[in-house]
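Observations on the three-dimensional arrangement
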Amino acid sequence: MPLKTLQARLQCDPETLAALWQTHNVFNERLKEIILILFRMRRGACGKSSAERELYREIAHFITACPANNAPYLLNSVCLENWVPTTARKLKAKVSGPDGGLVEMTGESWADRAVRLLAEGTLLFDKSALFAGLPPAMKQMVVREAAASLSSYESLVRRWQTRHQQWLDEKSAWEAVPEHRLYLAMRPRFAAFEITMGGRLTGRRHRWEQYLTWLKQNPELAGWRGAPALIHPIGADGLNRIARALRSRTAQVESEEFFQVNPELEALDALHGYYERTFVRRRKTKRHMDGFDHKPTFTQPDAVTHPHWYIFSSPRTRPSGYRKLVLPKNSGQTGSIELSLLTGDMDDCHKTAWVSLRFRGDRRMSEMRPAVAVRQINRGEKKGQTREIAGYEVYDHTLELWRPVEVKSARLMFDLSGRQPRAVYLAFTIKTGRIPLSEAARAIQWTESGEVTRSGEIRKQKLLPAGLVTCAPHLGVRHFAYTTLAVGDGRTARLLRQRNLWLEREETAGRHVGRLQRGPGLAHIASHRQELAEKRSQMGRLPRGEAAHRRLRA
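Residues numbered from 1 in each chain as written. Predicted model: local features only at pLDDT ≥ 70, side-chain atom pairs only at ≥ 80, totals over all residues. Heavy atoms only, no water.

**Considering the side chain of E145**
Definition in use: Helix and strand assignments follow DSSP, with helices taken as H or I runs no shorter than four residues and strands as E runs no shorter than two, numbered in order from the N terminus. For every residue, the accessible area obtained with a 1.4 Å probe (protein chains only) is divided by the maximum for its type, and the residue is called buried under 20%, exposed over 50%, and partly exposed between those limits. Only four residue types enter the charge count, namely Lys and Arg as positive and Asp and Glu as negative; His and the chain termini do not. One side-chain nitrogen of Lys or Arg within 4 Å of one carboxyl oxygen of Asp or Glu is enough to make a salt bridge. Pairs of residues are marked as contacts when any of their non-hydrogen atoms sit within 4.5 Å.
On the secondary structure map, E145 appears in helix α7 (residues 136–175). For the buried E145, no salt bridge exists, and the shortest N-O distance to an oppositely charged side chain is 5.2 Å, to R411. The residues touching E145, leaving out its near neighbours within four places in the chain, are F27, L31 and H308.

**Observations concerning the pattern of salt bridges**
As enumerated under the stated definition, the model contains 23 salt bridges in all. A salt bridge links R323 to E338, with the shortest nitrogen-to-oxygen separation between them at 2.7 Å. On the criterion of sequence distance, the pair formed by R323 in strand β5 (residues 322–326) and E338 in strand β6 (residues 335–342) is long-range, its members being 15 residues apart. We classify E338 as buried; its relative accessible area is 14%. Where D362 meets R364, a salt bridge forms, and the shortest distance between an N and an O atom there is 3.1 Å. In this structure D362 comes out as partly exposed when scored by relative accessible area, which is 23%.

**Concerning the layout of surface pockets**
Under the convention used in this document: For each structure, a 1 Å grid was placed over the protein atoms alone; sets of points admitting a 1.4 Å probe that cannot get out are labelled cavities, open sets with protein on both sides within 12 Å along at least five of seven lines are labelled pockets, and lining residues have an atom within 4 Å of a point. Grid points are joined across faces, edges and corners, and a volume is the space filled by probe spheres set on the points. Note on residue classes: Ala, Val, Leu, Ile, Met, Phe, Trp, Tyr, Cys and Pro are nonpolar, Asp, Glu, Lys and Arg are charged, and everything else, Gly too, is polar.
Approximately 1400 Å³ is the volume attributed to the largest pocket. Around the largest pocket, the lining is made up of 34 residues, and of these N69, R316, T317, R379 and K408 lie nearest the centre. At the level of secondary structure, the elements contributing two or more residues to the lining of the largest pocket comprise α3 (71–75), α7, β8 (369–376), β9 (386–396), β10 (401–414) and β11 (424–432). A class-by-class count of the residues in the lining of the largest pocket yields 11 nonpolar, 12 polar and 11 charged.

**Brief notes about the sheet that holds strand β14 (residues 469–475)**
Through backbone hydrogen bonds, the strands of a sheet pair up, either in parallel or in antiparallel fashion. We count it as follows: A pair of strands is treated as paired once DSSP finds two or more bridges between them. Lines are fitted to the C-alpha atoms to define the axes, a helix being fitted only along its stretch in contact, and any angle between axes, read from their N-to-C directions, falls within 0 to 180 degrees.
With antiparallel pairing, the 3 strands of this open sheet are ordered in space as β14-β15-β16. Whereas interior strands pair on both sides, the edge strands pair on one side only; in this sheet they are β14 and β16 (493–501). When the angles between neighbouring strand axes are averaged without regard to direction, this sheet yields 20°. Two elements, β14 and strand β15 (residues 481–488), share 7 bridges in a ladder whose sense is antiparallel. Counted as the bridge partner of P473 is T483 from β15.

Put into structure tokens, the structure is as follows:
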């Protein structure tokens with residue numbers, strides 16, 4: 001289902017603001033501790049014996065490979081004496097194998113060993129002491145966020161490893177070409193020249209008078225492919241062109257004329273430039289030891305410098321983080337909500353309470369009206385049956401119908417521009433129900449194409465059933481949009497119509513009143529918005545009731 005986020009600004013007194021800030025700080029502190037535990041498990045730094053270290057390493061990789069919702073239950077396998085592994089045996093996950101590829105495994109491979117270790121009274125850490133005083137919803141969210149952060153980091157590392165290996169293979173293949181090996185034999189001469197110049201040759205080396213002088217003084221470079229080791233001087237026409245060139249372009253014109261009469265040096269210079277840009281990459285500030293991009297690093301959470309925002313789970317989850325949500329009925333009005341917060345001071349944060357707050361939300365929140373939604377029960381004895389729950393619906397002006405929406409979690413966010421909380425926001429996740437598919441749309445099939453993506457996944461292709469009409473819009477930079485209308489014939493799509501969509505306006509003044517004028521592209525709109533934002537930031541806060549840059553905004 002489509003998801004979107006609507007932001008609301010909380011209205012709170014200093015005491016409530018302190019409770020919100022305390023909740024944010026404690027969440028980041030506990031999150032850092034859980035992340036450190038998972039990292040130590042992954043490195044094999046936990047456990048007294050090699051068998052225990054291997055078990056903890058396997059559990060940590062399994063936790064980060066599974067969905068984050070399962071992380072609190074799976075982490076109990078190392079810190080809860082009466083942990084039951086029934087569900088863990090059924091879970092499946094794809095973890096990194098010895099060769100770097102993904103290998104599918106189930107919890108059955110380690111669950112029994114974890115139970116035996118717990119029966120011996122061996123716990124990795126004391127869960128009650130680590131989570132002492134935290135609300136039940138925060139205990140769940142800390143572990144989920146830790147697993148999600150490590151899972152995201154692992155995916156970045158796997159992508160980097162794949163791209164790094166592709167880059168190494170490309171470099172080896174390039175260096176294996178006979179002509180390129182001849183250039184590599186000459187490459188130490190370029191390095192020696194850089195040392196004598198006290199620097200490095202950059203992409204603008206053609207502007208160096210010393211570089212051209214050095215090429216002229218070393219005719220053996222012209223014979224790098226077996227040609228005569230001769231340097232041909234620039235002709236009279238070339239000298240006249242250099243003399244007529246602007247002062248700022250004299251060096252560039254001279255290099256063009258020099259390489260035109262010395263094609264062997266031009267070929268050698270082209271290979272040197274390509275090798276420097278692609279495989280040496282001196283301009284890169286964060287490089288790996290072999291010249292590739294640096295391996296992704298993991299940044300630990302910090303409440304101020306690198307905050308992770310705490311998420312209040314919806315009332316339909318157990319345990320819930322917020323309750324009694326009342327949305328504003330009209331634009332400009334306020335809504336209300338109750339949050340489970342840590343209300344103790346910095347020395348004693350173990351006191352929790354439900355705190356009622358009011359908020360001024362996005363205008364679109366007032367457009368949602370209460371409704372009754374029907375949900376299917378997926379667990380327990382009543383599995384397959386339906387039940388009615390309170391929900392919302394919003395009017396879709398495009399489709400001209402009411403669509404069901406569900407208010408999910410709320411993310412707590414602060415304005416930390418001054419390293420102190422200045423404003424507090426809740427970002428609500430809104431889930432919109434999909435429109436039922438037609439019979440033809442439900443008949444769409446996906447098959448494997450045999451190709452593999454950069455991330456190592458198998459690329460799939462879509463088979464459209466006969467008679468299904470599709471419309472594909474493409475947003476562009478030069479033009480606003482381009483649409484394609486097609487109909488399926490059972491194998492591929494047959495094009496019906498293609499056209500550009502313009503941002504048009506009708507001229508109301510000038511010599512051509514009534515003429516349709518093409519509007520700007522996305523690049524022009526982006527630069528316009530950036531210019532407006534820069535001018536607004538230079539003015540600072542405007543007095544109430546006043547406007548700025550009216551012509552630019554219009």
